[in-house]
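Residue-level listing of the chains:
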Amino acid sequence: MWWLLLALLCLQLGEGMVRIPLRKGRSLREVMREKGVPEGFLKDPRGDPGRKYQLINAVAYEPLTNYLDSFYFGEISIGTPPQNFLVLFDTGSANLWVPSTYCQTPACEDHARFNSSLSSTFSGTDVTYTLSYGFGDLSVALGYDTVTIQNIIIRNQEFGLSLDEPSRPFYYLDFDGILGMSYPGVGIEGYNTLMQNMLQQNQLEEPIFSFYYSRYGGEVILGGVDPQLYSGEVLWAPVVQELYWKIGIEEFSIGPSATGWCSQGCHGIVDTGTFLLTIPGQFMLTFLQALGAEESDQGFVVDCGSVPTMPTLYFAISGAQLPLPPSVYVLNNDGVCTVGVESTYVPSASGQPLWILGNIFLRQWYSIFDMANNRVGFALSV
């Protein structure tokens, strides 16, 4: 498989800079059908992915609303000796958590679980917190231990040990936990995020990390970039709010026609924890009509034969036009072609229409997250 070949060929880029192979998991639709989940379950409402960015009544809100699609995830280790976990590297949240032996629900038992009694470097606390998800709440106890990512070692790292995980959707996920990579402001107050500790412990060559995605797998590079994974110049966009990796979008065009939807300004959150491209809800109907897509139980369906003639989408960011061709934003699942979008009715905190630039967008654009200069870079993936 592609991801396995990548893992075998993967070499350290330099001291303090490593690359982590990312696997693309099975779609949750496939997993649930394999486990005999009734079709009615698959038709349940997805919720609103924009609620992820509303910090209300919980430390963080991380709804896996695109739960029928795939995710990209890689391996980390926690403890001494190390215990291995597959985690979602998520720029849309700030906390690290994994399942633990404290949790006895089916969702935990079906995944790797951290056993604190087996780690000589673990220290516990009496602190618990809740992560609210679209399909239930995740209860977590706070602890400290050594986290290892390839040759990067982060000591005394705060992380969450799950106490209870609802089956929907966690039982059906191919990965175990989530590693948040957004700003500390959306993490647990008074505790360092993993990214903060990496910097404070001088574990990164540069205060930068980057993502590369393909249809089959990808990489996250901590401490730098790999110019062999992109072509052309890097376009930089300043972060407009240092909570999430949120940037400005000046215009959105469908083919050659500017929509005017962002005439008063739009915001876009660059989020590796969201698979689809998320569109402001007030524009969704017009968008689907322009593409000739029809809603069905399988998503927003188009004729597979029409994909080559469908319009390219353009995002105006920092004065440049970033194209997203139909070969990228249309997904072909066993001969059923769907537009890889969902909607949100949650605006940006300052009122601008909010877009979520998820994995669909990031397959086309190699993304660079510059923590020192509070900016996101985009370059055309190869």
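Here, every reference points to the structure presented above.
This text gives an overview of the structure that appears in the document. Just so it is clear, the structure is predicted and the values come from calculations on it, not from any experiment.

**Details of the pairing of strand S10 (residues 208-213)**
Next up, step 1: For S10, a buried count of six out of six residues is recorded, marking the element as mostly surrounded by other parts of the structure.
Next up, step 2: Across the two faces of S10 the burial is the same, with Ile208, Ser210 and Tyr212 and Phe209, Phe211 and Tyr213 all buried.
Next up, step 3: Here four bridges tie S10 to strand S27 (residues 365-370), and the two strands are oriented antiparallel to one another. Looking at S27, one finds that Ser210 is bridged to Ile368.
Next up, step 4: Where S10 lies against strand S11 (residues 217-222), five bridges are found, and the strand directions are antiparallel.

**What to know about the pattern of salt bridges**
Next up, step 1: Inspection of every chain in the model, using the stated rule, returns three salt bridges.
Next up, step 2: For Arg19, the salt bridge identified is with Glu219, shortest N-O distance 2.4 Å. Taken as a pair, Arg19 in strand S1 (residues 18-24) and Glu219 in strand S11 lie far apart in primary sequence, 200 residues in all. The burial state of Arg19 is the same as that of Glu219; both residues are buried.
Next up, step 3: With its nearest N and O atoms 2.8 Å apart, the salt bridge here joins Arg375 to Asp370.
Next up, step 4: With a relative accessible area of 27%, Arg375 lands in the partly exposed category.
Next up, step 5: The buried category is assigned to Asp370, whose relative accessible area is 2%.
Next up, step 6: Three or more residues joined by partner-sharing salt bridges are found here, namely Arg19, Glu219 and Asp226.

**Re the sheet that holds strand S20 (residues 299-302)**
Next up, step 1: Spatially, four strands are ordered S19-S20-S24-S23 in an open sheet, and the strand pairing comes out antiparallel. In this open sheet, the two edge strands, each paired with only one partner strand, are strand S19 (294-296) and strand S23 (330-333). Taken pair by pair, the neighbouring strands of this sheet meet at an average axis angle of 45°, ignoring direction.
Next up, step 2: Sheet analysis places S19 next to S20, joined by three bridges and oriented antiparallel. In the sheet register, Glu294 faces S20, and the bridge partner there is Val301.

**Details of the state of the cysteines**
Next up, step 1: One pass over the structure, following the stated rule, counts three disulfides.
Next up, step 2: A disulfide bridge connects Cys103 with Cys108, and the sulfur atoms are separated by 2.0 Å. On the S-S bond that ties Cys103 to Cys108, the torsion sits near 85°, and the link is right-handed. Here Cys103 and Cys108 have matching classes, each one buried.
Next up, step 3: Sulfur-sulfur distance for the disulfide between Cys304 and Cys337 comes to 2.1 Å. Since a negative S-S torsion denotes a left-handed disulfide, the Cys304-Cys337 link at about 115° is right-handed.

Definitions and cut-offs
Residues numbered from 1 in each chain as written. Predicted model: local features only at pLDDT ≥ 70, side-chain atom pairs only at ≥ 80, totals over all residues. Heavy atoms only, no water. Buried < 20%, exposed > 50% of the residue type's maximum accessible area, 1.4 Å probe, protein only. Helix = DSSP H or I, 4+ residues; strand = E, 2+ residues; numbered from the N terminus. Pairing = 2+ DSSP bridges. Salt bridge = Lys/Arg side-chain N within 4 Å of Asp/Glu carboxyl O. Axes fitted to C-alpha atoms, helices over the stretch in contact; angles between N-to-C directions. Disulfide = S-S within 2.5 Å.

Worth remembering: the numbers are spatial, not functional.
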